Amino acid sequence: MGSPHPIANHPVDCRARGILDRVGDKWSLYVIAHLGEGTRRFTELKRNIDGISQRMLTVTLRGLERDGIVTRTIYPVVPPRVEYSLTDMGRTLLDTVGTLVGWAESHLEEIDAARTAYDARTQETEALG
């Protein structure tokens, strides 16, 4: 039997946990992945991230900007143009985010099957009492 993964026995301090909460959030993962393809305007991100609300995109972008992962550039034109891009630090997340998103996409059918089997077992158990 192999040794446990190093993170399993490593206490994560509160500050690191907060950062992991941010970059591990589903919307942050999608924003980072899309910005990995290049600079985007808010409306482009909103249109390309299925299911995200305007409010959630705003909250996500602000959080990523605060953490130094995303930069926001405002152009002084009428109407103002705002663009978002990854910082150098944000770009270091692309391989990890890409791996995680790719894993999820490549296991969709297996996950669907597991959920269906679990739901069926749960319904049987609930029916028995």
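For the structure given in this document, a descriptive report is provided here.

Below, the discussion takes up the pairing of strand β3 (residues 81-86). By the bridge criterion, 2 bridges tie strand β1 (residues 40-41) to β3 in an arrangement that is antiparallel. The residue bridging R41 from the neighbouring strand is E83, located in β3. Linking strand β2 (residues 70-75) to β3, which pair antiparallel, is a turn of 5 residues.

Glancing now at the packing of aromatic side chains. Aromatic rings in a pair are described by how distant their centres are and how their planes are angled relative to each other. Enumeration over the complete set of coordinates arrives at 1 aromatic pair. Seen from their ring centres, W27 and Y30 are 6.4 Å apart, and the 45° between their planes marks the pair as tilted. One end of the pair is W27 and the other is Y30, both in helix α2 (residues 26-35) and 3 residues apart, which spans about a single turn. Over the face of the ring belonging to Y75 we find R81, whose NZ or CZ atom lies 4.1 Å from the ring centre.

Within the element layout of this structure, T73 appears in strand β2. Overall, T73 belongs to the partly exposed group, its relative accessible area being 31%. Residues T73 and T39, spaced 34 residues apart in sequence, show a C-alpha to C-alpha distance of 9.9 Å. What T73 contacts, discounting residues up to four positions off in sequence, is R81, V82 and E83.

Reading the values: rules and limits
- Residues numbered from 1 in each chain as written.
- Predicted model: local features only at pLDDT ≥ 70, side-chain atom pairs only at ≥ 80, totals over all residues.
- Heavy atoms only, no water.
- Pairing = 2+ DSSP bridges.
- Helix = DSSP H or I, 4+ residues; strand = E, 2+ residues; numbered from the N terminus.
- Phe/Tyr/Trp six-rings, centres within 6.5 Å; stacked < 30°, edge-to-face > 60°.
- Lys NZ or Arg CZ within 6 Å of the ring centre and 35° of its normal.
- Buried < 20%, exposed > 50% of the residue type's maximum accessible area, 1.4 Å probe, protein only.
- Contact = heavy atoms within 4.5 Å.

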